[in-house]
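Each chain, letter by letter, is given below.
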Amino acid sequence: LYAFPGWTPNVNSKALAAAKTVAQRVFGKPARVYSVHAGLEAGFVVQKYPQMDAISIGPLIEAAHSAQERMLISSVGRFWELLTQTVQLITEQAQGDK
């Protein structure tokens, strides 16, 4: 088993701001932003690249890391829309910063 390193989310993250903007635009309501007490892969990434701006998002999962773990299939399309549009917005913003 791997021990996930700790990770403190950056509430002033540009990636988080972009995801919140996209969520409002796509879903018509503000994003629910919260922390969970869980092992997240972002901890590995931020540990190796501490200056990287990282957020953790994904489809809805129930009973994670258990024999009953399941993903709410209806959330996948919404997640994909959020992910792709957030990456697009971050790319546009980075190009504008040059």
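Residues numbered from 1 in each chain as written. Predicted model: local features only at pLDDT ≥ 70, side-chain atom pairs only at ≥ 80, totals over all residues. Heavy atoms only, no water.

Engineer: I tried to follow unusual backbone geometry on my own but got confused; where do I start?
Structural biologist: Trans peptide bonds make up the majority, and among non-glycine residues the majority have a negative phi. The backbone of A63 shows a phi angle near 55°, a positive value even though the residue is not glycine. Inspection of the secondary structure assignment puts A63 in the loop between β1 (61-62) and β2 (70-71). The exposure class of A63 is partly exposed, given its relative accessible area of 38%. Phi is positive for H65, close to 60°, though the residue is something other than glycine. Here H65 is to be found in the loop between β1 and β2. (Helix = DSSP H or I, 4+ residues; strand = E, 2+ residues; numbered from the N terminus. Buried < 20%, exposed > 50% of the residue type's maximum accessible area, 1.4 Å probe, protein only.)

Engineer: Please explain the packing of aromatic side chains as it appears in this structure.
Structural biologist: The tally for this structure, following the rule as stated, stands at 0 aromatic pairs. Stacked on the ring of F27, the Lys or Arg R78 has its end atom at 4.3 Å from the ring centre. (Phe/Tyr/Trp six-rings, centres within 6.5 Å; stacked < 30°, edge-to-face > 60°. Lys NZ or Arg CZ within 6 Å of the ring centre and 35° of its normal.)

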